[in-house]
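# Summary of the model geometry
Now for the letters of each chain:
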Amino acid sequence: MSAEVIESVSVTPIPSSYQKELGKNAYADNRGTQWLEWVVRARSTGGAEGITIANRFIRQSTVAHLLEFLKGALLGRRVDELLEVSDGVVTGPGPGMEQWYRHNGWLSILAFDQVGKVNGVSAIDLLGGKKRDSIPAYDTTFYFQDFLNPSRGAQQVADEAAQAASDGWKALKIKTGRGGRWMMPEAGMRRDIDVVLSVRDAVGSDIEIYVDANFGYDNRLDLLERFISEVTPADISWFEEMITQDVEGYTELREILAKYGSNALLTCGEVDRNPISEVFQDLIDRGLIDGYQPDIVGHGYLGWLEIEKQLLGTGVRTVPHNFGNGSFGSYASIVFGATSETYVSLEDERIVPHFLTKLPEFKGGAYMLPTGVGLGVDIDQRSYAPHAKHEFTIEV
């Protein structure tokens, strides 16, 4: 391992743009056209640069606190102290680093990137080596688009889905739960059904459809049952967060799926901030969920390695949440997915390329694996240049 030292750390807010305007989901107002990525860069004495984003940190804090945190965690620290490595594979945090990673898993992704680049190895190898040659991905941008173009209603979502299929996407996730906040419950359920069936008609039978209600059917299992009964013929691949997690509700949900012959997976867990917390462990132990979804960047690589250890033997699949992580989240997801036996698919926001080097090739609904060292991604200096004026840097 190299004895290089981290000599500077910077934070830069960079707007990421979607391919289109995104509407509401069951609980939040219109997402709009942009989202900030709080880009963190750590440069070592040999010039290698580790990259991550600190979106989760900054949501509840300030730039000043973030820089103070990074100063304590990284500045002046030897790169070979970031991670414990044995026979070329990371086995845990480096000495004194657990306290920094514990609630800030995003920082561990920077560590994998930095250690990989300094030592000329891929983060995929540091994670234990690839288990597949490509990473399936799904387009996650089908919010309540019908609200943005009310004259077209469900057909607006269907048209956008047809375009995504034409662009090469083999899996799409549709937001539902309109009756949870934005419509009367019965009318919201009817619109949800219209949207899902219209999308299936638009994309044909070869495209996978995932459905995500963001808890929009809480306290309305009667309506949820009707929804499931009518969309099950459309061959739904998973139902996500249809109701808030609890054993009683998910037991009933399992029974509803069985009643109507649905083979869809039940997935949840993106709201689990301290995985695996008790309620989700109960769901896992009782066989009530099939996919578990804590955020890939928020919990980071070390966090997800621990999660997968706990899931071993349960049959529950790895389905990390990635929305809100922008372009960086796609790179981070591809690398981790490559090393996971149980990874299902990458949640892709389809961000317009900007400050990072090009993503790996997208072919047949999947991303090829990166070939470079670390995460296989770097800052595209030309694209980054306009944002440099907003960069905050600390140095040794």
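Going by the structure above, here's the rest.
Nothing here was measured: the structure is a model prediction, and the numbers come from that model. (Residues numbered from 1 in each chain as written. Predicted model: local features only at pLDDT ≥ 70, side-chain atom pairs only at ≥ 80, totals over all residues. Heavy atoms only, no water.)

## Considering the pairing of strand β9 (residues 236–240)
For clarity, the threshold we go by: We call a residue buried when its accessible area falls under 20% of the maximum for its residue type, exposed when it is over 50%, and partly exposed in between, using a 1.4 Å probe and counting protein chains only. To qualify as a helix, a DSSP run of H or I must reach at least 4 residues; to qualify as a strand, a run of E must reach at least 2; elements of each kind are numbered from the N terminus. Looking down the strands as they point away from the viewer, one classifies a crossover as right-handed if the path from the first strand across the helix to the second runs clockwise. Each pair of strands is called paired provided DSSP finds at least two bridges between the two strands.
With 5 of 5 residues buried, β9 lies mostly within the body of the structure. The parallel pair strand β8 (residues 208–212) and β9, bridged by helix α9 (residues 221–231), forms a crossover whose chirality is right-handed. Relative to strand β10 (residues 265–268), β9 runs parallel, the two sharing 3 bridges. Counterpart to F239 in the pairing with β10 is L266. A crossover links β9 with its parallel partner β10, the connecting element being helix α10 (residues 247–259), and its sense is right-handed.

## Topic: the nonpolar core
We apply this condition: As used here, the term nonpolar core means buried Ala, Val, Leu, Ile, Met, Phe, Trp, Tyr and Cys residues forming a set that is joined through side-chain atoms within 4.5 Å. What makes two residues a contact is simply this: any of their non-hydrogen atoms within 4.5 Å.
L70, L74, L82, W106, F227 and F239 are the most contacted members of the largest nonpolar core, which has 112 residues in total. Leaving out residues up to four positions away in the same chain, L82 has contacts with I6, L74, R77, P93, G94, M97, Y101, A111, Q114 and V115. Among the nonpolar cores identified, the runner-up in size contains 6 residues, and Y138, W238, V319 and V344 belong to it.

## A word on helix α4 (residues 106–119)
To keep things clear, this is the line we draw: Helix span, expected: 1.5 Å multiplied by one less than the number of residues in the helix.
Spanning 14 residues, α4 covers 21 Å between terminal C-alpha atoms, matching the ideal 20 Å at 1.5 Å per step. With respect to burial, α4 is a largely interior element, 13 of its 14 residues being buried. Immediately downstream of α4, the backbone of G120 shows phi near 70 degrees, a positive value.

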